[in-house]
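The residues making up each chain are set out below.
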Amino acid sequence: MICVSIGRTRHKMVVLEHRALAERGAELVELRIDWLSRMPDFSRLLADRPTPCIVTCRRKSDRGRWRGTEDQRLALLRSAIVSGVEYVDLEDDVAGQSPRYGETKRIVSHHNFDETPQDLEAIHENLCGYDPDIVKLVTMANSPSDIVRMLQLVDQAEVPTIGFCMGELGVVSRMLCGKYGSPFTYATVSTEREMGPGQLSFDIMRHIYRYDEINADTQVYGVLGDPISHSLSPLVHNTAFRNQGINAVYFPFRVPRDTLPKTLEAYRWLDVQGYSVTIPHKEAALEQASRATDAAIAIGAANTLYQEADGSWTATNTDYEAAMASIRLGLEQHSPGNSDLSGRKVLMLGAGGVARAVGLGLTRADTGLTISNRNSERARELAEELGCKHIKWKNRGTGFYDIVVNCTPLGMHPEVDETPFPVNSLREGMLVFDTVYNPETTLLLKQAQERNCTTVSGIEMFVRQAAVQYELFTGRPAPLAEMRDAIREGISPIRPY
Ligand code: NAP
């Protein structure tokens, strides 16, 4: 169950928001009475309440907004209990002063906004000494092992325990606590109204991560990277799991640079079955794997780690396969039955990570490849490695090519007015493939369409690299159309969540 925290300054707004949340499917709400600008009136807040409630009143020292005295605060909490509210949240230092009364259940809580202390078990044991119905233990995650220690505690607790970590590193624990037995977790009303570091909105928890369906048998997957909070991969993979009724969930795991080995080690306990890997860990992922596919070795980078039956990791690079499939799709559209790449003249713009994968595929397919990059030294190095030609960036519009592939970020949101290729060099009949996927129709693709070129967007590559991962993870064919729709939804300016 997800408990949604309501923090509003006016009673009227609390009541209205509570009703609206119940209509949206909320089953439990936390009334943060410390946010109210006037003295809380429980006869208004709790009358005809559409769901059970938790009454919480946080002091400034607990990052709350309570401005009255401590005596007033304790009196308020007691009056909430007398009003018959379903739950009251009592911090560990005051829980002993508010004895059990009536039917109200006691959540005895402890927050640490700086760290996840080493003596977590001792803190938990202390909380259990204050006659709790539920223990709530929330700490700041500074390392992946903090999350694991917290979830291990939830898993082993004999008293029902809500335990998760705050901060960007801790986001996954807010959802994974459900797998290990937390009676519920906390969410915000909306993305803009975060009340604790790393909190997710009710809709995201419910519709993207399907928190209420997470249980002990749920398989865990995720994407490793930094930054990671804007990754579309969780939306795409979770959509596919939902579509196929698979009991699995896919999380964004923020992993700071140089911490991949210790993260993989720490998360072994979470039994993660497969990872997507993004910047800055693609090279390190290859080093961490026991085995690697020929493509990943040749590219020198992996975007996927999947688990073998013996628990070891195999690294692969699904960008390579996805880019080639996207280009072949374009050729097929252009002249059905003739998607053979050999002998085609290709200009590839860029010499970074994606260009390495695309370039390898293009040379292996026997195209006549030419690389052009802003930094011509990098173009020369990659061309030497792949055994192909390179030209200066300023000359990129001069040759005659059958296919142009953009592997630079030029044209990507928000710089949507940029393009990597001169419009006058676009010729009718060319195939133009842009790896940029946000927006779907970049300026390059728009200009190419206007000149009667065949175009393929980066969405095709993105969905295909995710689909290959999904198939490696689950052993099932990926629901390509639904995954593509999810990407479009994810880049839409009017996202539903
Ligand atoms: P990267 O390793 O950082 O390489 C970036 C490349 O773009 C380099 O060649 C760089 O040239 C060039 N570049 C950057 N800014 C430029 C500018 N202002 N003008 C000219 N060239 C510029 O990045 P990457 O991982 O290869 O990703 C490149 C792009 O691929 C991303 O931006 C993304 O849109 C796209 N991508 C698509 C997918 C997909 O599935 N569709 C997946 C991943 C990435 P220098 O060497 O001169 O710096």
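Our structure is the block above this text.
Cut-offs applied
Along each chain, the written sequence defines residue order, and numbers are assigned to residues from 1. Local features in a predicted model are, by the rule used here, given only for residues with pLDDT of at least 70; side-chain atom pairs are given and counted only at 80 or more, and totals for whole chains, interfaces and linings are based on all residues. As a rule here, side-chain values cover all heavy atoms of the structure and leave hydrogens and water aside. Each helix corresponds to a stretch of at least 4 residues labelled H or I by DSSP, and each strand to a stretch of at least 2 residues labelled E; elements are numbered beginning at the N terminus. In this analysis, the expected span of each helix is defined as 1.5 Å times one less than the number of residues it contains. Burial here depends on accessible area, computed with a 1.4 Å probe over protein chains only, as a share of the maximum for the residue type. Under 20% is buried, over 50% is exposed, and the range in between is partly exposed. Stacked, tilted and edge-to-face pairs are distinguished by plane angle, under 30 degrees for stacked and over 60 for edge-to-face with tilted covering the rest, among Phe, Tyr and Trp rings (Trp via its six-membered ring) whose centres lie within 6.5 Å. Patch construction takes residues with relative accessible area above 30% that form no salt bridge. Like charges are linked within 9 Å, and nonpolar side chains (Val, Leu, Ile, Met, Phe, Trp, Tyr) are linked within 5 Å. In short, Shrake-Rupley with a 1.4 Å probe defines the accessible areas, and a residue's cover is counted only from the protein chains shown. By definition, a salt bridge exists where a carboxyl oxygen of Asp or Glu is found within 4 Å of a side-chain nitrogen of Lys or Arg. We treat Lys and Arg as the positive residues and Asp and Glu as the negative residues; His and chain ends play no part in the count. Positions of charges follow a simple convention, taking NZ of Lys, CZ of Arg, CG of Asp or CD of Glu. It suffices for a single heavy atom of a residue to lie within 4 Å of a molecule or strand for the residue to be listed as near it. Pairing of N or O atoms within 3.5 Å defines a polar contact, subject to two protein rules: one partner must be a possible hydrogen donor and the other a possible acceptor, and residues neighboring in sequence count only if both atoms are side-chain atoms. Residue type decides the class: Asp, Glu, Lys and Arg count as charged, Ala, Val, Leu, Ile, Met, Phe, Trp, Tyr, Cys and Pro as nonpolar, and the leftover types, Gly among them, as polar. Helix axes use the C-alpha atoms of the stretch in contact, all axes being lines fitted to C-alpha atoms, and the angles between their N-to-C directions lie in the range 0 to 180 degrees. In a left-handed crossing the near helix is turned counterclockwise from the far helix by less than a right angle, and in a right-handed crossing that turn is clockwise. Whether two residues are in contact is decided by their heavy atoms, any of which lying within 4.5 Å being enough. When two cysteine sulfur atoms lie within 2.5 Å, the pair is treated as a disulfide. Whether two strands pair depends on DSSP finding at least two bridges between them.

A.B. asks: Describe in detail helix α13 (residues 353-364), supporting the description with residues and values.
C.D. replies: Look at α13: 17 Å from first C-alpha to last across 12 residues, which is about the 16 Å you get at 1.5 Å a residue. Turning to α13, its buried residues number three or more, namely A355, A357, V358, G359, L360, G361, L362 and T363.

A.B. asks: I'd like to hear about the packing of aromatic side chains, residue by residue, with values.
C.D. replies: This model, assessed by the stated rule, comprises 13 aromatic pairs. Judged by centre distance (5.5 Å) and plane angle (40°), the ring pair of F241 and Y470 falls under tilted. With F241 in helix α8 (residues 233-243) and Y470 in helix α16 (residues 458-474), this residue pair connects regions lying 229 residues apart in the sequence. The exposure class assigned to F241 is buried, which follows from its relative accessible area of 0%. Taken together, a centroid distance of 5.9 Å and an interplanar angle of 75° make the contact between F253 and Y275 edge-to-face. Of the two residues, F253 is situated in strand β10 (residues 248-254) and Y275 in strand β11 (residues 272-277); the sequence distance between them amounts to 22 residues. Neither residue differs from the other here; F253 and Y275 are each classed as buried. Each member of the aromatic cluster is reached from another via a ring pair, and the members are Y209, F251, F253, Y267, Y275 and W313.

A.B. asks: Before we move on, can you summarise a negative patch on the surface with the specific residues and values?
C.D. replies: Together, D114, E115, D119 and E121 give the surface a local cluster of negative charge. By the secondary structure assignment, D119 is in the loop between β5 (105-112) and α4 (120-128). Classification of D119 by relative accessible area gives partly exposed; the value is 42%.

A.B. asks: Would you mind going over the site of the ligand in detail, with residue names and values included?
C.D. replies: As a matter of local geometry, the ligand sits amid 22 residues, with A351, V354, N373, R378 and T435 nearest to it. Between R374 and the ligand, the recorded distance is 2.9 Å, taken from a side-chain N or O atom to an oxygen atom. In the environment of the ligand, an oxygen atom lies 2.6 Å from a nitrogen or oxygen atom belonging to the side chain of R378. Contact with the protein chains hides 77% of the accessible area of the ligand, taken as 920 Å² for the molecule alone. Residue assignment for the shell around the ligand shows that the elements contributing at least two residues are α13 and α16. When residues in the shell around the ligand are grouped by element, the largest group, three residues, is from α16. Taken together, the residues of the shell around the ligand break down into 12 nonpolar, eight polar and two charged.

A.B. asks: So, the packing of α13 against helix α14 (residues 376-386): which residues are in play, and what are the values?
C.D. replies: Two elements in contact, α13 and α14, have axes whose closest approach is 10 Å; the angle formed by their N-to-C orientations is 35°. Where α13 crosses over α14, the handedness of that crossing is right-handed. Where α13 abuts α14, its residues A355, R356, G359, L360 and T363 lie against L382, E385 and L386. In the contact of α13 with α14, the residues fall into four nonpolar, two polar and two charged.

A.B. asks: Let's hear about unusual backbone geometry: which residues, and what values?
C.D. replies: One can expect most non-glycine residues to show negative phi and most peptide bonds to be in trans. Note that the residue after D226, namely P227, is joined by a cis bond; omega there is 0°. Relative to the helices and strands, P227 resides in the loop between β9 (219-225) and α8. Backbone torsion omega between H413 and P414 reads 5°, so that peptide bond is classified as cis. In this structure, P414 sits in the loop between β18 (403-406) and β19 (431-434). In the Ramachandran plot, D131 falls in the positive-phi region, its phi being about 55° despite a non-glycine side chain. Within the chain, D258 stands out as a residue other than glycine whose phi angle is a positive 70°. Of note, D258 is situated in the loop between β10 and α9 (260-266). By relative accessible area, which is 73% here, D258 ends up exposed.

A.B. asks: Hey, could you go over the state of the cysteines for me, with residue numbers and the actual values?
C.D. replies: Across all of its chains, the model carries zero disulfides by this definition. No disulfide involves C57; its sulfur sits 15 Å from the nearest other cysteine sulfur, which is in C53. Given the relative accessible area of 0%, C57 is considered buried. The cysteine C388 is free of any disulfide, with C407 supplying the nearest cysteine sulfur at 12 Å.

A.B. asks: Tell me about the pattern of salt bridges, and please be specific about residues and values.
C.D. replies: Here the structure, examined in full by the defined rule, presents 28 salt bridges. Of the charged contacts, one joins R24 and D203 as a salt bridge, the two residues approaching to 3.1 Å between their closest N and O atoms. Of this pair, R24 sits in the loop between α1 (11-23) and β2 (28-32) while D203 sits in helix α7 (residues 202-208); the two residues are 179 residues apart in sequence, bridging distant segments of the chain. Look at D203 and you get buried, because its relative accessible area is 17%.

A.B. asks: Give me the lowdown on the sheet that holds strand β7 (residues 161-166), citing residues and values where you can.
C.D. replies: Pairing is parallel in the open sheet, where eight strands are placed in the order β7-β6-β5-β4-β3-β2-β1-β8. Because the sheet does not close on itself, it has two edges, and the strands there are β7 and β8 (185-188). Across the sheet, the axes of successive neighbouring strands diverge by a mean angle of 25°, strand direction being ignored. In this sheet, strand β4 (residues 87-91) lies alongside strand β3 (residues 53-56) in parallel orientation, the contact comprising two bridges. The partner of I54 across the bridge, within β4, is Y87. Across the sheet, α1 lies against β1 (2-6), β2 and β3, angled at about 155° from β1, the strand it touches most. Lying over the sheet, helix α3 (residues 70-82) contacts β3 and β4, oriented at roughly 155° with respect to β4.

A.B. asks: Now, about a positive patch on the surface: what can you tell me, with residues and values included?
C.D. replies: Residues R10, K12, R38 and R44 make up a contiguous surface patch of positive charge. Checked against the element boundaries, K12 lands in helix α1. Judged by its relative accessible area of 49%, K12 is partly exposed.

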